[in-house]
Amino acid sequence: MSVENPYEQLGIPENATFDEIQTARNRLTQEYSNDPKRQEAIETAYDAILMERLRMRQEGRIRVPEGIRFAEQRFSQAPPSPPPISVKQPPAWLQNFLDTPSRTDILWTTGAFLVLAGLSVYYASFALALGVFASLYFLSRKERKLGRSVLLSLAGLTFGLVLWGVFASLLTTQINSLPLTGETLAAWISFVILWLVSSFLR
């Protein structure tokens, strides 16, 4: 990464909004939480961008919306707002498992599991094994933690198969009338669970 360009260090374009800058900084800080030198470089880049934006604003090169420049007029005319609603944050251990994937990540995982679902019509067991490896790949790509990726993939597979067992026992007659085999349906349910795990967990 270039030391001279703080935007490249945060992985954002030079016309990024403040929210995008903040999001990139938070994501990188969490990603390199065990690397103090990298965190210091991230904070330095973040501070450099903020200082540059402040200087550009003072020089008149950034246009500030009227509502921000003359906030006192807006608030003097507006009725009093209701008290803010406090949103309870999930516990820290749960936040460490949850992920907000990008559109590209969602498309990759969705495409992979759709291909495997098509393959499972002919080779259900083989496709299901590939589905576990796909989930393992997508999870380990995020955090580089193989142990956690294996556990989450196996847990997703187990949950999918248990869910299939519950459906199969409740809807025996309806399932027997379907043109697909039970193995294929079990694979499809497992693929949905594995897709959720590999997309929204880390």
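Scroll up to find the structure this text is about.
Within each chain, residue numbers correspond to sequence positions counted from 1 in written order. Confidence filtering applies because this is a predicted model: local features only for residues at pLDDT of at least 70, side-chain atom pairs given and counted only at 80 or more, and all residues used for totals across whole chains, interfaces and linings. To get the side-chain values, take all heavy atoms of the structure and skip hydrogens and water.

Draft legend 1. Main features of the overall build of the chain. Here a helix means four or more residues in a row that DSSP labels H or I, a strand means two or more in a row labelled E, and each is numbered from the N terminus. Within the chain one finds 11 helices and 0 strands. Counted from the first residue to the last, the chain has its helices and strands arranged as α-α-α-α-α-α-α-α-α-α-α. Relative accessibility under 20% of the residue-type maximum defines a buried residue, over 50% an exposed one, and the middle range a partly exposed one, all with a 1.4 Å probe and only protein chains included. Evaluated residue by residue, the chain yields a buried proportion of 28% over its 202 residues. Residue pairs in contact within the chain that sit at least 24 positions apart in sequence constitute 64% of those at least 6 positions apart. Looking at the chain as shown, the accessible area adds up to about 14100 Å², and 63% of this sits on carbon and sulfur atoms. Note on contacts: a residue pair qualifies if any of its non-hydrogen atoms lie within 4.5 Å across the two residues. Accessible surface area values rest on a Shrake-Rupley calculation with a 1.4 Å probe, where residue burial reflects the displayed protein chains alone.

Draft legend 2. Spatial organisation of the packing of aromatic side chains. Between rings of Phe, Tyr and Trp, where Trp is taken as its six-membered ring, a pair exists when centres lie within 6.5 Å; planes separated by under 30 degrees are stacked, by over 60 edge-to-face, and by other angles tilted. What the rule picks out here adds up to 2 aromatic pairs. Note on criteria: charge over ring means Lys NZ or Arg CZ within 6 Å of the ring centre, with the direction from the centre no more than 35 degrees off the ring normal. Its guanidinium or amino end placed over the ring of Y46, R25 lies 4.5 Å from that ring's centre, counting from NZ or CZ. A cation over a ring is seen here: R38 above Y32, with NZ or CZ 4.2 Å from the ring centre.

Draft legend 3. Region of the structure containing the side chain of S198. In this structure, S198 sits in helix α11 (residues 182-200). Within the structure, S198 has its side chain in polar contact with the backbone oxygen of L194 (distance 2.8 Å). For this analysis, a polar contact is any N or O atom pair within 3.5 Å, provided that within protein one partner can donate a hydrogen and the other can accept it, and provided that sequence-adjacent residues contribute only side-chain to side-chain pairs. For S198, the side chain forms a polar contact with the main-chain oxygen of W195, separated by 3.4 Å. With near-sequence residues (within four places) excluded, S198 lies in contact with T109, F113, S135, F138, L139 and K142.

Draft legend 4. Fine view of helix α2 (residues 18-31). Helix length check: α2 (14 residues) gives 20 Å between terminal C-alpha atoms against 20 Å at 1.5 Å per residue, within 8%. Of all the residues in α2, the buried ones are I21, A24 and L28. Viewed along the axis of α2, the buried residues span an arc of 65°, placing them on a single side of the element. Seen from the open side of α2, the exposed residues pointing more than 90 degrees away from its buried face are D19 and T23. Its buried side turned inward, α2 meets α1 (6-10) and α3 (36-58). To estimate the expected span of a helix, count its residues, drop one, and scale the result by 1.5 Å. The arc in question is the one traced by the directions running from the helix axis out to the C-beta atoms.

Draft legend 5. Looking closely at the pattern of salt bridges. What makes a salt bridge here is a side-chain nitrogen of Lys or Arg within 4 Å of a carboxyl oxygen of Asp or Glu, nothing more. A complete count under the given rule lists 2 salt bridges for this structure. The salt bridge partner of E43 is R25, with a shortest N-O separation of 3.1 Å. Here E43 is found in helix α3, whereas its partner R25 is found in helix α2, with 18 residues between them in sequence. We classify E43 as partly exposed; its relative accessible area is 25%. Among the ionic pairs, E31 bridges to R27, the shortest N-O distance being 3.7 Å. Separated by 4 residues within a single helix, E31 and R27 lie in helix α2, roughly one turn from each other. A relative accessible area of 47% means that E31 is categorised as partly exposed. Taking relative accessible area as the criterion, R27 reaches 44% and is therefore assigned partly exposed.

Draft legend 6. Representation of a nonpolar patch on the surface within the structure. Without a salt bridge and with relative accessible area above 30%, a residue can belong to a patch; like charges are then joined within 9 Å and nonpolar side chains (Val, Leu, Ile, Met, Phe, Trp, Tyr) within 5 Å. Taken together, the side chains of V121, Y122, Y123, F126, L130 and W188 present a nonpolar region at the surface, about 650 Å² in accessible area. The topology assignment puts W188 in helix α11.

Draft legend 7. Main features of the packing of helix α7 (residues 103-119) against helix α8 (residues 124-143). The convention used is that axes are lines fitted to C-alpha atoms, helices contributing only their stretch in contact, and that angles between N-to-C directions extend from 0 to 180 degrees. It is the contact of α7 with α8, at a shortest axis distance of 9 Å, that shows an interaxial angle of 170°. Considered as vectors, α7 and α8 are oriented roughly antiparallel to each other. Between α7, through D105, W108, T109, A112, F113, L116 and L119, and α8, the contact on the second element is made entirely by F126, A127, L130, G131, A134, S135, F138 and R141. Residue classes in the contact of α7 with α8 are distributed as 10 nonpolar, 3 polar and 2 charged. For classification, angles of less than 35 degrees are called roughly parallel, those exceeding 145 degrees roughly antiparallel, those between 65 and 115 degrees roughly perpendicular, and all remaining angles oblique. Amino acids outside the nonpolar list (Ala, Val, Leu, Ile, Met, Phe, Trp, Tyr, Cys, Pro) and the charged list (Asp, Glu, Lys, Arg) are all regarded as polar, and Gly is one of them.

Draft legend 8. The arrangement of the packing of α2 against α3 in detail. One can describe the packing of α2 onto α3 by two numbers: an axis separation of 10 Å at closest approach and a directional angle of 170°. Considering their axes alone, α2 and α3 lie roughly antiparallel with respect to each other. Judged by residue contacts, F18, I21, Q22, R25, L28 and T29 of α2 engage Q39, I42, E43, Y46, I49, L50 and R53 from α3.

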